[in-house]
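The chain contents come next:
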Amino acid sequence: MSDCIFCKIVAGELPAKVVYENDQLLAFPTIEPKADTHLLVIPKKHTENLNTLTADDADMIAHLMTTLPKIAASAGLTGYRTITNTGAEGGQEVFHMHFHILGGDQLPGF
Ligand code: 5GP
Ligand code: ZN
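What counts as what
Residues numbered from 1 in each chain as written. Chains lettered and ligands numbered in written order. Predicted model: local features only at pLDDT ≥ 70, side-chain atom pairs only at ≥ 80, totals over all residues. Heavy atoms only, no water. Phe/Tyr/Trp six-rings, centres within 6.5 Å; stacked < 30°, edge-to-face > 60°. Helix = DSSP H or I, 4+ residues; strand = E, 2+ residues; numbered from the N terminus. Buried < 20%, exposed > 50% of the residue type's maximum accessible area, 1.4 Å probe, protein only. Near = heavy atom within 4 Å. Polar contact = N/O pair within 3.5 Å; in protein donor to acceptor, adjacent residues only side chain to side chain. Areas by Shrake-Rupley, 256 points an atom, 1.4 Å probe, with all protein chains shown as cover. 1 Å grid on protein atoms, 1.4 Å probe; cavity = no way out; pocket = protein on both sides within 12 Å on 5 of 7 lines; lining within 4 Å. Sits in = over half its atoms within 2 Å of the grid points. Expected span 1.5 Å × (residues − 1). Contact = heavy atoms within 4.5 Å.

**A closer look at the packing of aromatic side chains**
So, step 1. A full pass over the atoms with the stated rule returns one aromatic pair.
So, step 2. Seen in terms of ring centroids, phenylalanine 6 and phenylalanine 28 are 5.5 Å apart; in terms of plane orientation they differ by 80°. Their pairing is edge-to-face. Separated by 22 residues along the polypeptide, phenylalanine 6 in helix α1 (residues 5-10) and phenylalanine 28 in strand β2 (residues 25-29) bring together distant segments of the chain.
So, step 3. Note on phenylalanine 6: relative accessible area 6%, which makes it buried.

Below, the structure is given as C-alpha coordinates:
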(Lines give C-alpha, C1' and ligand atoms only; values in the text may rest on other atoms or scores of the structure.)
(Ligands and ions follow the chains in the order given, each with its own letter.)
Protein backbone atom coordinates (compact mmCIF):
# COMPACT_ATOMS: atom_id res chain seq x y z
CA MET A 1 0.00 0.00 0.00
CA SER A 2 1.43 3.36 -1.02
CA ASP A 3 0.79 5.16 2.28
CA CYS A 4 1.97 2.29 4.52
CA ILE A 5 5.25 2.96 6.33
CA PHE A 6 6.13 -0.74 6.57
CA CYS A 7 5.53 -1.21 2.83
CA LYS A 8 7.89 1.73 2.33
CA ILE A 9 10.51 -0.04 4.47
CA VAL A 10 10.02 -3.20 2.35
CA ALA A 11 10.46 -1.11 -0.81
CA GLY A 12 13.60 0.56 0.59
CA GLU A 13 11.90 3.96 0.53
CA LEU A 14 12.26 4.38 4.31
CA PRO A 15 15.36 3.27 6.24
CA ALA A 16 15.42 0.40 8.73
CA LYS A 17 18.27 -1.52 10.35
CA VAL A 18 17.29 -4.88 8.88
CA VAL A 19 18.41 -7.79 11.08
CA TYR A 20 16.76 -10.57 9.04
CA GLU A 21 15.39 -10.79 5.52
CA ASN A 22 14.18 -13.50 3.18
CA ASP A 23 11.80 -13.56 0.23
CA GLN A 24 8.72 -13.33 2.48
CA LEU A 25 9.78 -11.57 5.68
CA LEU A 26 11.71 -8.64 7.07
CA ALA A 27 12.78 -7.96 10.68
CA PHE A 28 14.12 -4.70 12.08
CA PRO A 29 14.20 -2.89 15.43
CA THR A 30 11.35 -0.63 16.42
CA ILE A 31 12.07 3.08 16.77
CA GLU A 32 10.45 2.99 20.24
CA PRO A 33 11.86 -0.03 22.09
CA LYS A 34 9.87 -1.31 25.08
CA ALA A 35 12.55 -3.86 26.05
CA ASP A 36 16.31 -4.25 25.77
CA THR A 37 15.76 -6.02 22.46
CA HIS A 38 12.59 -5.09 20.57
CA LEU A 39 12.27 -6.27 16.98
CA LEU A 40 9.38 -6.12 14.53
CA VAL A 41 8.80 -8.97 12.09
CA ILE A 42 6.67 -8.20 9.06
CA PRO A 43 5.52 -10.05 5.96
CA LYS A 44 6.67 -8.31 2.78
CA LYS A 45 3.16 -8.71 1.42
CA HIS A 46 0.84 -6.09 2.89
CA THR A 47 -1.98 -7.30 5.09
CA GLU A 48 -3.54 -5.17 7.81
CA ASN A 49 -3.54 -7.57 10.74
CA LEU A 50 -4.76 -11.01 11.81
CA ASN A 51 -8.32 -10.00 10.92
CA THR A 52 -7.44 -9.58 7.24
CA LEU A 53 -5.65 -12.91 6.78
CA THR A 54 -7.25 -15.30 4.32
CA ALA A 55 -6.69 -18.96 3.52
CA ASP A 56 -4.20 -17.79 0.86
CA ASP A 57 -1.99 -16.46 3.67
CA ALA A 58 -1.73 -19.81 5.47
CA ASP A 59 1.76 -20.60 4.15
CA MET A 60 3.00 -17.07 4.89
CA ILE A 61 1.76 -17.03 8.49
CA ALA A 62 3.11 -20.52 9.14
CA HIS A 63 6.46 -19.44 7.70
CA LEU A 64 6.40 -16.30 9.85
CA MET A 65 5.64 -18.22 13.05
CA THR A 66 8.33 -20.84 12.41
CA THR A 67 10.89 -18.16 11.53
CA LEU A 68 10.28 -16.04 14.64
CA PRO A 69 12.43 -18.32 16.85
CA LYS A 70 15.29 -18.15 14.34
CA ILE A 71 15.14 -14.34 14.34
CA ALA A 72 15.01 -14.31 18.16
CA ALA A 73 17.96 -16.71 18.34
CA SER A 74 19.99 -14.63 15.90
CA ALA A 75 19.36 -11.64 18.20
CA GLY A 76 20.82 -13.70 21.07
CA LEU A 77 17.50 -14.36 22.79
CA THR A 78 16.66 -17.67 24.44
CA GLY A 79 13.47 -16.42 26.10
CA TYR A 80 11.33 -13.69 24.60
CA ARG A 81 7.76 -12.46 24.18
CA THR A 82 5.91 -12.21 20.86
CA ILE A 83 2.95 -9.88 20.51
CA THR A 84 0.75 -8.87 17.61
CA ASN A 85 -1.71 -6.04 18.18
CA THR A 86 -4.91 -6.29 16.16
CA GLY A 87 -7.01 -3.19 15.50
CA ALA A 88 -7.01 0.20 17.21
CA GLU A 89 -8.69 -1.23 20.31
CA GLY A 90 -5.93 -3.82 20.44
CA GLY A 91 -3.29 -1.09 20.49
CA GLN A 92 -2.32 -1.38 16.82
CA GLU A 93 -0.79 1.82 15.44
CA VAL A 94 0.77 0.63 12.19
CA PHE A 95 -1.76 -1.20 10.05
CA HIS A 96 0.66 -3.57 8.33
CA MET A 97 0.64 -6.82 10.30
CA HIS A 98 3.71 -7.27 12.46
CA PHE A 99 4.90 -9.38 15.35
CA HIS A 100 6.87 -7.75 18.14
CA ILE A 101 9.75 -9.77 19.62
CA LEU A 102 10.67 -8.47 23.07
CA GLY A 103 13.48 -9.75 25.22
CA GLY A 104 17.01 -9.26 26.41
CA ASP A 105 16.07 -8.65 30.01
CA GLN A 106 13.67 -10.30 32.44
CA LEU A 107 10.14 -9.48 31.27
CA PRO A 108 7.39 -9.07 33.86
CA GLY A 109 4.68 -11.74 33.99
CA PHE A 110 1.69 -11.12 31.75
P1 5GP B 1 1.81 -1.41 16.94
O2 5GP B 1 1.47 -0.41 18.02
O3 5GP B 1 1.12 -1.10 15.65
O4 5GP B 1 1.65 -2.83 17.37
O5 5GP B 1 3.36 -1.27 16.73
C6 5GP B 1 3.93 -0.37 15.83
C7 5GP B 1 5.41 -0.43 16.04
O8 5GP B 1 6.06 0.21 14.96
C9 5GP B 1 5.87 0.30 17.33
O10 5GP B 1 6.86 -0.46 17.98
C11 5GP B 1 6.46 1.60 16.75
O12 5GP B 1 7.45 2.16 17.59
C13 5GP B 1 7.04 1.09 15.45
N14 5GP B 1 7.27 2.07 14.40
C15 5GP B 1 6.44 3.06 13.99
N16 5GP B 1 6.98 3.74 12.96
C17 5GP B 1 8.18 3.16 12.72
C18 5GP B 1 9.22 3.41 11.77
O19 5GP B 1 9.16 4.31 10.92
N20 5GP B 1 10.33 2.61 11.82
C21 5GP B 1 10.45 1.59 12.75
N22 5GP B 1 11.57 0.88 12.72
N23 5GP B 1 9.49 1.33 13.65
C24 5GP B 1 8.37 2.10 13.63
ZN1 ZN C 1 2.04 -2.26 4.24
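**Points about the site of ligand 1**
So, step 1. In the neighbourhood of ligand 1, 15 residues make up the surrounding shell, with Thr30, Asn85, Glu93, His98 and His100 lying closest.
So, step 2. Isoleucine 31 is positioned with one of its backbone polar atoms (N or O) 3.4 Å from a nitrogen atom of ligand 1.
So, step 3. Histidine 98 has a polar side-chain atom sitting 2.9 Å from an oxygen atom of ligand 1.
So, step 4. Its free accessible area being 520 Å², ligand 1 has 85% of it covered by the protein chains.
So, step 5. Taken atom by atom, the bulk of ligand 1 overlaps the largest pocket.

**Quick word on helix α2 (residues 58-74)**
So, step 1. Look at α2: 25 Å from first C-alpha to last across 17 residues, which is about the 24 Å you get at 1.5 Å a residue.
So, step 2. Those residues of α2 lying buried are Met60, Ile61, Leu64, Thr67, Leu68, Ile71 and Ala72.
So, step 3. Buried residues belonging to α2 abut β1 (20-21), β2, β3 (37-43), β4 (80-83) and β5 (99-103).
So, step 4. Of the residues flanking the end of α2, it is glycine 76, one or two places downstream, whose phi is positive at about 85°.

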